[in-house]
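# An overview of the molecular structure
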Amino acid sequence: MACESALPAIMDEQALMGLNPNADACYRQRVSAGIFEQLKESQDGWEVCAEALAKGVYSDDHVKFFCFQVLEHQIKFRHGSLTAAQQQLIRETLMKWLQAQLMNAHPEKPFIRNKVAQVLSLMFVTEYLTLWPKFFFDILNLVGLNPNGVDIYLRMLMAIDADVVDRDILHSPEEIRRNTLIKDSMRGQCIPALVESWFQILQTYQHTHSELTCQCLEVVGAYVSWIDLNLIANDRFVNLLLSHMSIEELREEACDCLFEIVNKGMDPVDKTKLVESLCQVLQSAGFFNIEQEEDVDFLAKFSRLVNGMGQSLVLSWTRLSKMGDVKVSAEALRAVEAKVPLMLQLLIHEDDDISANIVAFCYDYLHVLKQLPALNEQQKTNVEAIMLAVMNKLKYDDEYNFDSEGEDEAMFVEYRKQLKMLLDRLAQVSPELLLDAVHRVFNATMQNWQTVPFMEVEVAIRLLYMLGEALPASHGAHFSGDATKTSTLQSMMRTLISCGVSEYQHSSVTLEFFETAVRYDKFFLVEPQHIPSVLMAFLDHRGLRHSSPKVRSRVAYLFSRFIKTLHKHMNAFIEDILSRIQDLLELAPPENGFPALLSSDDQLFMFETVGVLIVNGESPAERKQALMHSLLTPLMEAFRMLLAKLPQEANEERQAALADCLSHAVGFASRTSKVFSNKQTVKQCGCSEVYLDCLQTFLPALSCPVQRGPLRSAVRSFLHRMIICLEEEVLPFIPAASQHMLKDCEPRDLQEFIPLISQITAKFKNQVSPFLQEVFMPLVMAIFEVLSRPAEENDQTAALEKQMLRRSYFSFIQTVASSGMNEIMASQGAENIERVLFTIIQGAVDFPDPVAQKTCFIILSRLVELWGGKDGLVGFPDFIYKHIIPACLMAPLKPTFDLSDAQTVLTLSECTLTLHMIHLKRGQECIQFLQEYLPSLQVSPEITQELCQVLQQPDVKVLKNYMKVFFQQAKL
């Protein structure tokens, strides 16, 4: 027999050693992969495995698992080519193996049982509709109530659920059709038998085998969504499930099973009856007495069940209301309201998981109230109770670790977001009630803040902060409009600022104070007398000099926002503010060893803030100039000193630290300029000179022989800002800067340099013509050189860098062409122009990057417009016919040109516009060329004629639509 000869040949001792988990990992992987391939490819290899499994030849778990893998591969990929006898052999193998398990004193390891379940499921999906309609009956007859057999049976049912039902798993349209047929067939043939088997398993093993019972409950929960609910939602089955709710090992799984039953889509009236009857039974059994239950894991599951019941009732009410059935919808609403006391008990539970699981029902209930014309007294009481619950649950607990926030803390932050959604919904239902409730809590807390625990103080301020989003206001205008809201918020803000709570010794309270002061910064426009006390809090130990780095960092950002809004009210305080924060503006050199109060990122906000203070102040221009000088001069001095040190430093880590420090100095100077929108605003403040000094100070860094990357990047960013602030005064510095930046380039250097040149080109146009003439080819050659560098085939980073550089290069050519600077290209000599033009053709056709391709067609269209007419560039019409028209037709025919992709469709649009432009410029000559050229591409005379006619139509939209269809058909 073939099997006998193949068995020792393939599965020899060496092979088994390779499958042993104790073998060397690399060796095991190599051997098992090799054998697996051999057995897969050999005609009878799977039969070797089938025989081994049926006869129980191997005791090694990994060999058994391996054999099932080979069998699985056979069913999955070769089942259709097997003979009827071979297919029968697989069925018999599986059944024999299953039968053997019934006698086993020790069941197989879970990973073997899971693999068998997957193989059985695969066999079911493959054969149930055609070759094995009695699949389930055969399995059930074999396993009966044998615990080992039942275990495999239940695992198999979960595997079938994953293969056939689970909506989270993506299926092809063909698989979806097949799965629908399978479910229809199962409903008609075997579901009642399966349900009966589940009942028997649950009844038999509920007291003796909790693991099997839980597995079975999971199966019921999975299948209930698509089978006839009456098979499960009946007295016999529900009473059994409810009895499981009282058994400690089963109650959580029973809860989940009931949740799935409640969650099943059905008629709203039937759903209401089902939920109500279930609630009645649960209440009678004492499950609604939450305070007597100590098992929080069970309560979390029970809370989820109640949430499911509540949401189902709300959905029923919504659907019945839309149907206009007043009487029945009123009953559904009463059913919803009857669950509110239980919902509130769960919402205020001290365990956040239990509370979080009921939030969705609470949210939906509030949505119901929002839709009612008016609230009755009970509903108002419910709303107030939810408000108090939310306010209470928002509090931090004693265990929250503010210094090292881990997983528990992250979960509480997420839970707080859910509670915020409830608060926002409460504001929609009854803004007056919410405002009044927050006002009461806030005032009571602020009166005694010195003796109140931090979590209560924090939450009182937090509630005031949250009102800012919960109560609608256009552009934060909370202090105009509705008089009641305005006066209440103003009163709370007055109390917040004046009660002294900013002195509270807990970082969470401190942060909430500043967050709220900035959230309501427009309050200070109405009552500017409170600005000095808040400014003081920002500047002293409560804010920028707080002991916590986290607080200092956040306050630096908030201070920046506060000043931006209120800069017109800062005139009297500018000098005082600057003197108080002077040490925070110092460049922290890497060698001083003392940790700075603020990080360099925080300092960016500080420099921006000072820029806003100086520029928007009411001082004369001379004073502003002097203040800006005193701000930037120390930076420049420190920069010169550190730059001189850098080339002498041999240690690479120290080099990097110095380069970082130099980059920060440039970044700080750059950030001060953010307040300026153009040259005019810089001139008015007399600050042009100091920024020119900065330029002269920073530019030598470009020629530094070490740490080129970070230094170039920083100076380049500064140049971008200076082009906006100094305009043409920057131009004298550009040639030398460009020369340095083009030297020894990396792809990223070039990629970041090109936008700078593009910005200069677009802004100054003819003013920079001589410079561009000079730099154009060196820049292009530098790009060509970097792009031609060899890279590892699998180096994704290098490939991406080249792709981004290519895009930047094409963007630069586009800028030159569209800025009316085409003479710069024209004056580069015929050979160079040709070289550039060929790269654009190559970009349009050869690289599967629709972003770059689109840019290339925009360039070609523009160049045709500029050079394609009678008086255009010599030789360019020839280039149109030899290269541009072929590119327009060849690019969309490429397999990588995906017409279902939105970006590619935009590329096709630009490609079409290029053809349109050629026709505009060359007229009948273009049509004659196409009539000769298209047939060479195997385009029929009829289609050629049709395309030429459409091209001559004035409406470009018609041409675009035609070209899309043309290429879709051409690719079929």
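What counts and what doesn't
- Residues numbered from 1 in each chain as written.
- Predicted model: local features only at pLDDT ≥ 70, side-chain atom pairs only at ≥ 80, totals over all residues.
- Heavy atoms only, no water.
- Core = buried A, V, L, I, M, F, W, Y, C linked by side-chain atoms within 4.5 Å.
- Buried < 20%, exposed > 50% of the residue type's maximum accessible area, 1.4 Å probe, protein only.
- Contact = heavy atoms within 4.5 Å.
- 1 Å grid on protein atoms, 1.4 Å probe; cavity = no way out; pocket = protein on both sides within 12 Å on 5 of 7 lines; lining within 4 Å.
- Points joined across faces, edges and corners; volume = space filled by probe spheres on them.
- Helix = DSSP H or I, 4+ residues; strand = E, 2+ residues; numbered from the N terminus.
- Nonpolar A, V, L, I, M, F, W, Y, C, P; charged D, E, K, R; others polar.
- Domains from an automatic or database assignment.
- Buried area = accessible area lost by both parts, 1.4 Å probe.
- Salt bridge = Lys/Arg side-chain N within 4 Å of Asp/Glu carboxyl O.
- Polar contact = N/O pair within 3.5 Å; in protein donor to acceptor, adjacent residues only side chain to side chain.
- UniProt positions renumbered as here; feature names shortened; annotations may be inferred.
- Patch = residues over 30% accessible without salt bridge, like charges linked within 9 Å, V, L, I, M, F, W, Y side chains within 5 Å.
- Areas by Shrake-Rupley, 256 points an atom, 1.4 Å probe, with all protein chains shown as cover.
- Lys, Arg positive; Asp, Glu negative; His and termini not counted.
- Charge placed at Lys NZ, Arg CZ, Asp CG, Glu CD.
- Axes fitted to C-alpha atoms, helices over the stretch in contact; angles between N-to-C directions.
- Left-handed = near helix turned anticlockwise from the far one by under 90°.
- Expected span 1.5 Å × (residues − 1).
- Bend = angle between axes of the 7 residues up to and from the residue.

### Topic: the nonpolar core
By size, the foremost hydrophobic cluster in this structure holds 338 residues, and its most contacted members are Y153, M186, W198, M245, F302 and Y691. Excluding residues within four positions of it along the chain, F302 makes contact with M245, C255, L282, F287, F288, I290 and L342.

### A word on empty space enclosed by the protein
Considering all chains together, one arrives at one cavity of 30 Å³ or more under this definition. Here the largest cavity is characterised by a volume of approximately 50 Å³. In terms of lining residues, the largest cavity is bounded by W97, Q101, P107, E108, R113, N148, D151 and I152. Of all elements in the fold, only α6 (84–103) and α9 (147–165) reach the threshold of two or more residues within the lining of the largest cavity. The class makeup of the residues in the lining of the largest cavity is three nonpolar, two polar and three charged.

### Quick word on the domain arrangement of the protein chain
Considered domain by domain, the protein chain is made up of domain 1 (753–828) and domain 2 (832–971). Between the C-alpha centres of domain 1 and domain 2 there is a distance of 23 Å. Taken together, the contacts link 20 residues of domain 1 with 20 residues of domain 2. A buried area of about 1800 Å², summed over both sides, lies between domain 1 and domain 2, and 72% of it is on carbon and sulfur atoms. Among the residues domain 1 hides against domain 2, the three largest losses belong to R807, F810 and M825. Together they make up 30% of the total. Seen at the junction of domain 1 and domain 2, the total is one salt bridge. D849 is the partner of R807 in a salt bridge, and the nearest nitrogen-oxygen pair spans 2.8 Å. At the boundary of domain 1 with domain 2, the tally comes to four residue pairs in polar contact (both at pLDDT 80 or more). Secondary-structure elements contributing two or more residues to the side of domain 1 that touches domain 2 are α39 (769–787), α40 (796–818) and α41 (822–826). Tallying contributions element by element places α40 first for the side of domain 1 that touches domain 2, with ten residues.

### Re the UniProt feature "domain: Exportin-1/Importin-beta-like" (unreviewed entry) in the protein chain
Here, the residues flagged by UniProt with the feature "domain: Exportin-1/Importin-beta-like" (unreviewed entry) are residues 110–258. End C-alpha atoms of residues 110–258 are separated by 27 Å, and the span's content is 74% helix alongside 0% strand.

### Side note on a negative patch on the surface
Among the surface-exposed residues, D397, D398, E399, E407 and D408 lie close enough to one another that they form a single negatively charged patch. Tracing the backbone through its elements, the reader meets E399 in the loop between α21 (377–393) and α22 (407–429).

### A word on the packing of helix α20 (residues 359–371) against α21
One can describe the packing of α20 onto α21 by two numbers: an axis separation of 12 Å at closest approach and a directional angle of 145°. The way α20 lies across α21 gives a crossing that is left-handed. Residues C362, Y365, L366 and L369 of α20 form the contact with α21, whose participating residues are Q379, N382, V383 and I386. Of the residues belonging to the contact of α20 with α21, the class tally is six nonpolar, two polar and no charged.

### Structural notes on α39
Across its 19 residues, α39 extends 26 Å between first and last C-alpha, which sits within 8% of the 27 Å expected from 1.5 Å per residue. At V775, α39 shows its largest kink, close to 35°, and the proline P778 lies no more than four residues downstream. In the core, the buried residues of α39 are packed alongside α37 (734–741), α38 (747–764), α40, α41 and α42 (830–845).

### Some thoughts on α38
End to end, α38 covers 26 Å across 18 residues, agreeing with the expected 26 Å (1.5 Å per residue, within 8%). Here α38 has its buried residues at P747, D749, L750, F753, I754, L756, I757, S758, I760, T761 and F764. Residues of α38 that are buried sit in contact with α36 (708–725), α37, α39 and α40.

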